[in-house]
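Summary of the model geometry
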Amino acid sequence: MGIPAVQKASIGFYIMRQLLLGHQRFPLVLMIEPLFRCNLRCRGCGKIAYPEEILNRRLSVEDCLRAAKACPAPVVSVAGGEPLLHPEISHIVQKLVDNQKFVYLCTNALLAADKLHEFQPSRYLAFNIHIDGLEKRHDTMVGRGGVFQRAVNTIRLLIDNGFRVTTNTTLYADETPENAAALFDFLTSLGVEGMTVAPGFCYPDAPDQENFLDRKKTTILFQKLFNIGRTKKWRFNHSRFYLDFLAGRRHYECTPWGNPTRNIFGWQRPCYLINDGYAATYKELMNTTQWHRYGLGRDPRCINCMVHCGFEATAVMDAVTHPWKMVM
Ligand code: SF4
Ligand code: SF4
């Protein structure tokens with residue numbers, strides 16, 4: 001298992017084409033947030049604090065399709081909020097799949113079983129299930145009992161019905177390497193295709209400011225975690241170089257244009273984590289954002305960020321343009 005060969009080949013071909021065309025900045029993953037409303041209130045979530053009138057707004061099917069056509073990224077992550085609350089989410093996903101985008105539908109899984117009949121299994125579609133820990137921890141993080149078990153049941157149901165399934169875990173400062181390892185063992189035993197992992201980002205508006213990892217704590221946590229994982233069969237939904245970066249073994253600059261974000265306000269500058277306003281079009285985002293102002297040492301909000309939306313594209317480009325490093 002792991003990321004299907006066709007997806008890897010398609011992404012590799014896309015990157016080579018962009019490089020041959022001489023493009024300096026290009027995206028790998030488009031993030032679409034079709035709404036901010038959610039049916040959970042997780043600790044640390046920066047998306048659900050908007051007022052009701054904003055939570056009631058949604059991107060249309062056409063908005064999402066236009067964004068995916070304007071932005072050439074081969075992968076589209078559909079997030080939110082909870083995207084399964086969008087009444088037209090299955091149409092949005094199907095249109096993206098029809099356009100041969102590799103879609104990751106990020107969900108907390110509460111509605112997935114009821115909506116499953118609206119989706120068709122496809123090599124272009126993966127359900128990306130939010131799980132931040134084993135049962136007690138996950139239910140505490142999302143503020144509701146029983147959510148972990150429903151997520152696990154949903155993973156089994158999706159796999160049984162032929163869907164691709166990945167998971168999405170955020171690690172916070174009070175997480176131990178042992179507990180995180182136990183979670184990854186469990187998710188691996190369920191047969192998920194790959195696991196996405198992120199150190200919690202300190203959103204300025206997040207209610208729980210104490211519980212975020214700084215860079216030093218992030219690298220120590222991931223070093224210990226990957227030491228435990230050396231003999232395991234964990235499959236992460238990340239490049240090897242990005243995992244090295246999390247463990248402090250590589251040093252990268254942020255390349256936020258690698259993961260542009262389209263939501264109900266427009267194209268968010270510079271990334272989905274921090275908000276310095278919106279561009280009306282993808283072209284405007286790429287051409288007028290002051291990219292040089294962001295990253296470690298340039299913007300104080302970036303000081304502790306090691307999240308994949310800023311650094312996975314950097315790591316992938318490093319691997320593609322320096323293949324001998326992979327061999328080593
Ligand atoms: S499920 Fe996702 S969007 Fe909903 S509250 Fe939790 S982190 Fe936020
Ligand atoms: S370092 Fe993180 S927060 Fe800053 S621009 Fe990059 S991705 Fe966004």
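Chains are numbered independently. Their residues run from 1 in the order of the written sequence. The naming scheme follows written order: chains are lettered A onward, ligands numbered 1 onward. For this predicted model, a pLDDT threshold of at least 70 governs which residues receive local features, and a threshold of 80 or more governs which side-chain atom pairs are given and counted, while totals over whole chains, interfaces and linings are taken from all residues. Think of the side-chain values as coming from all heavy atoms in the structure, minus any hydrogens and water.

1. Description of the overall build of the protein
Starting at the N terminus, helices and strands are each numbered in turn, a helix being any DSSP run of H or I of at least four residues and a strand any DSSP run of E of at least two. Assigned secondary structure in the protein consists of 13 helices and 9 strands. Here the globule rule reads 2.2 Å times residues to the power 0.38, and the radius of gyration is calculated from C-alpha atoms. Against the 2.2 N^0.38 benchmark of 20 Å for 328 residues, the protein shows a C-alpha radius of gyration of 18 Å, consistent with a compact globule. Expressed along its principal axes, the backbone C-alpha trace of the protein runs to roughly 50 × 45 × 40 Å. For every residue, the accessible area obtained with a 1.4 Å probe (protein chains only) is divided by the maximum for its type, and the residue is called buried under 20%, exposed over 50%, and partly exposed between those limits. The buried share of the protein, reckoned over its 328 residues, is 57%. Considering only intrachain contacts with a sequence separation of at least 6, the fraction spanning at least 24 residues in the protein is 73%. To measure how exposed things are, a 1.4 Å probe is used in the Shrake-Rupley method; for residues, cover is taken only from the protein chains shown. When the accessible surface of the protein is split by element, carbon and sulfur atoms take 53% of a total near 14800 Å². Between the centroid of the 39 positive side chains of the protein and the centroid of its 30 negative side chains there is a distance of 6 Å. Any two residues whose heavy atoms approach within 4.5 Å are treated as being in contact. As used throughout, the charge tally considers Lys and Arg to be positive and Asp and Glu to be negative, leaving His and the chain termini uncounted. In plain terms, the charge of a residue is placed at NZ if it is Lys, CZ if Arg, CG if Asp and CD if Glu.

2. Here we look at the packing of aromatic side chains
Given two aromatic rings, one states the distance between the centres and the angle between the planes to describe the pair. Each Phe, Tyr or Trp ring (for Trp, its six-membered ring) is paired with any other whose centre lies within 6.5 Å, and the angle between the two planes then decides the class: stacked below 30 degrees, edge-to-face above 60, tilted in between. Per the stated rule, a full pass over the model turns up 19 aromatic pairs. Centroid distance Phe245 to Tyr252: 5.8 Å. Interplanar angle 40°. Geometry classified as tilted. Judged on exposure class, the residue Phe245 and its partner Tyr252 are both buried. With 4.6 Å between their ring centres and 25° between their planes, Phe245 and Phe311 make a pair best called stacked. Here Phe311 lies in helix H12 (residues 308-321) and Phe245 lies in helix H10 (residues 240-246), a separation of 66 residues in the sequence. Classification of Phe245 as buried rests on a relative accessible area of 2%. Phe311 sits in the buried class, given a relative accessible area of 3%. Site record: aromatic cluster; members linked through ring pairs are Phe184, Phe222, Phe226, Trp234 and Phe236. For the cation-ring pair, Arg25 lies above Trp257, with the distance from its terminal atom to the ring centre recorded as 4.8 Å. Consider the ring centre and the ring normal. A charge sits over the ring if Lys NZ or Arg CZ is within 6 Å of that centre and within 35 degrees of that normal. Residue placement shows Arg250 over the ring face of Phe241; its charged tip is 3.7 Å from the ring centre.

3. What to know about helix H3 (residues 61-70)
Among the residues of H3, Val61, Asp63, Cys64, Leu65, Ala67 and Ala68 are the ones counted as buried. Next to the buried residues of H3 lie strand E1 (29-32), helix H4 (89-98), strand E7 (261-263) and strand E8 (266-270).

4. Some remarks on the site of ligand 1
The criterion for a residue being near a molecule or strand is simple. One of its heavy atoms has to lie within 4 Å of it. Around ligand 1, a shell composed of Cys38, Leu40, Arg41, Cys42, Cys45, Ile48, Gly81, Asn108 and His130 is seen. Residue classes follow a fixed rule: Ala, Val, Leu, Ile, Met, Phe, Trp, Tyr, Cys and Pro count as nonpolar, while Asp, Glu, Lys and Arg count as charged, and any other residue, Gly among them, counts as polar. Of the residues contributing to the shell around ligand 1, the split by class is 5 nonpolar, 3 polar and 1 charged.

5. Digging into the site of ligand 2
Every residue near ligand 2 is listed here: Phe201, Cys254, Pro270, Cys271, Tyr294, Cys302, Cys305, Cys309 and Gly310. Residue composition of the shell around ligand 2, by class: 8 nonpolar, 1 polar and no charged.

Note that all results are geometric; they support no functional claim without further evidence.
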